[in-house]
Amino acid sequence: MSTKYGAKISNTSLLVSLIILVVLLAGCSKQYPETCPSSTPIGLIDADEIANDDSLPFRFPLDASTIDGTLFFGWFGVSNECSPNITDCYEYPVRQYHAAEDYQRPAGTAVYAIADGRISFSGRAGGYGWLIIIDHPQANLYSLYGHLSPSRWKLGSGKEVKRGDLIAYLGDSDENGGSADEPLEPHLHFGIRAGQTADYPTRGEWRFMAGWMRLCPQDLAWKQPSAIITSQEIPAGGYPQPEVGFLTRWGFELLITSIYTIGGVGMIVLGVRRKLHSLILFPGILVIAAGIVFHSNRMASTYTLLVIGLIMTASGIVLYRQSGRHHLSSPERLK
Ligand SMILES: [Zn+2]
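Structural notes, computed from the coordinates. (Residues numbered from 1 in each chain as written. Predicted model: local features only at pLDDT ≥ 70, side-chain atom pairs only at ≥ 80, totals over all residues. Heavy atoms only, no water.)

## Thoughts on the overall build of the chain
Each helix and strand counted, the chain has 6 helices and 11 strands in total. Classification of the 335 residues of the chain by burial places 44% in the buried group. Within the structure as shown, the chain displays about 17600 Å² of accessible surface, and the carbon and sulfur contribution to it stands at 60%. (Helix = DSSP H or I, 4+ residues; strand = E, 2+ residues; numbered from the N terminus. Buried < 20%, exposed > 50% of the residue type's maximum accessible area, 1.4 Å probe, protein only. Areas by Shrake-Rupley, 256 points an atom, 1.4 Å probe, with all protein chains shown as cover.)

Here is the structure:
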């Protein structure tokens, strides 16, 4: 009976492993575009007027006088591959496209909210140094401001802002995502996307804080920032939500959740059957640790991991205590 049950489990886990492998391979075999439409920022001649007219929905994130002709390496949609146009380029191992516009200004330059909204993220974020993201529900857009200064004053998450409110300052080249060894020229990485940050996951091509991506940013709902601001248009009901399947957007998080859930349950079944608490207890602690790391990356699957990890750890402790009692009550079995 138990042999039959055991065989059933291994067949199931084999099948599940195969499915996961196929999904992973399908993900890896994805075709990425050779080029994407890229565009220079739209003329900012009227930036002063735009910045000073409070009746308009948008303004530029920098003082108008500071934006003119000061583009750094990144146009919207441009690839990271070095070219005659772009000599100050990153040497990424794979081709990626820029989802924003970069405005090169000195460290300490003031950065302003482009429209009324709510700060959905304000914190350190890898290559961004300090990153601020503002949701603008009235336009169904969010705006992203990267390479801000961690050491200077800045607004925190959850704050309501009005168009033109000061939110932070540009960072120095050793704190804006760069370091003393690899300094990064002070500049604002400025992106605008359809939807709100909560619509997007933290990992994969659809991640909410993405600055560079392998797919064309236009196909992932990123907009050309200067085009949005110079148009000053908000369609009725806001910018349309991109039409994209649930799995495309959340597939990676679901994959992580599935792997850990199936793996965790499998370990518990195996540990209980073999009466080996070490099979559950220590992996359980590792899963909790993974959950904590994922949490700091704002992954939605973090909660699943914490629950699975806690169940594994608790099961391991119960098993450990049971085996301890068992050994005490029947020492002859240890021989
Ligand atoms: Zn950039």
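After presenting the structure, the write-up continues.
## Things to note about unusual backbone geometry
Not every positive phi belongs to a glycine, and histidine 147 is a case in point at roughly 70 degrees. Within the secondary structure layout, histidine 147 lies in strand β6 (residues 141-148). Classification of histidine 147 as buried rests on a relative accessible area of 6%. Backbone geometry places lysine 275, a non-glycine residue, at a positive phi of 55 degrees. Position of lysine 275 relative to the elements: it lies in the loop between α4 (246-274) and α5 (278-296). Relative accessible area serves as the criterion here: at 63%, lysine 275 is assigned to the exposed category.

## Focus on the coordination of the zinc ion
Six octahedral donors around a metal ideally make angles of 90 or 180 degrees; four tetrahedral donors ideally make 109.5 degrees. The coordination sphere of the zinc ion, as far as protein atoms go, consists of His98 (NE2), Asp102 (OD), Asp102 (OD) and His189 (ND1), spread over 2.1 to 2.6 Å. Around the zinc ion sit 4 donor atoms, and with donor-metal-donor angles ranging over 54 to 161 degrees the site reads as irregular. Along the chain, the residues donating to the zinc ion fall in the pattern H-x3-D-x86-H. Here the residue histidine 98 occupies a position in strand β1 (residues 97-98), and histidine 189 occupies one in strand β9 (residues 187-194), the gap between them amounting to 91 residues. There is no split in this pair, since histidine 98 and histidine 189 are both buried. (Donors = N, O, S within 2.8 Å, 3.2 Å for Na, K, Ca; no water. Tetrahedral: all angles 85-135°; square planar, octahedral: opposite > 155°, others 65-115°.)

## Overview of the packing of aromatic side chains
Summed over all chains, the structure comprises 6 aromatic pairs. Taken together, a centroid distance of 5.8 Å and an interplanar angle of 75 degrees make the contact between tyrosine 142 and tryptophan 222 edge-to-face. Highlighted residues: tyrosine 142 in strand β6 and tryptophan 222 in strand β11 (residues 222-223), separated in sequence by 80 residues. Cluster of aromatic residues (ring-pair linked, three or more members): Tyr142, Tyr200, Trp206 and Trp222. The side chain of lysine 154 reaches across the aromatic face of tryptophan 130, ending 4.3 Å from its centre. (Phe/Tyr/Trp six-rings, centres within 6.5 Å; stacked < 30°, edge-to-face > 60°. Lys NZ or Arg CZ within 6 Å of the ring centre and 35° of its normal.)

## As for the nonpolar core
Counting 28 residues, the largest nonpolar core has Ile132, Tyr145, Leu148, Ile167 and Leu188 as the members making the most contacts within it. Excluding its chain neighbours within four sequence positions, the residues that come into contact with leucine 188 are Pro61, Leu62, Glu101, Asp102, Tyr103, Val111, Tyr145, Gly146, Leu148 and Leu170. Grouped together as the second largest cluster of nonpolar side chains are 20 residues, Ala99, Ile133, Trp206 and Met213 included. (Core = buried A, V, L, I, M, F, W, Y, C linked by side-chain atoms within 4.5 Å. Contact = heavy atoms within 4.5 Å.)

## A look at the environment of glutamate 233
Topologically, glutamate 233 is positioned in the loop between α3 (225-231) and α4. Residue glutamate 233 is classed as exposed on the basis of its relative accessible area of 53%. Taking the C-alpha atoms as reference, glutamate 233 lies 8.9 Å from alanine 139; in sequence the two are 94 residues apart. For glutamate 233, the residues in contact, after removing those within four places along its chain, are Phe58, Ile228 and Tyr239.

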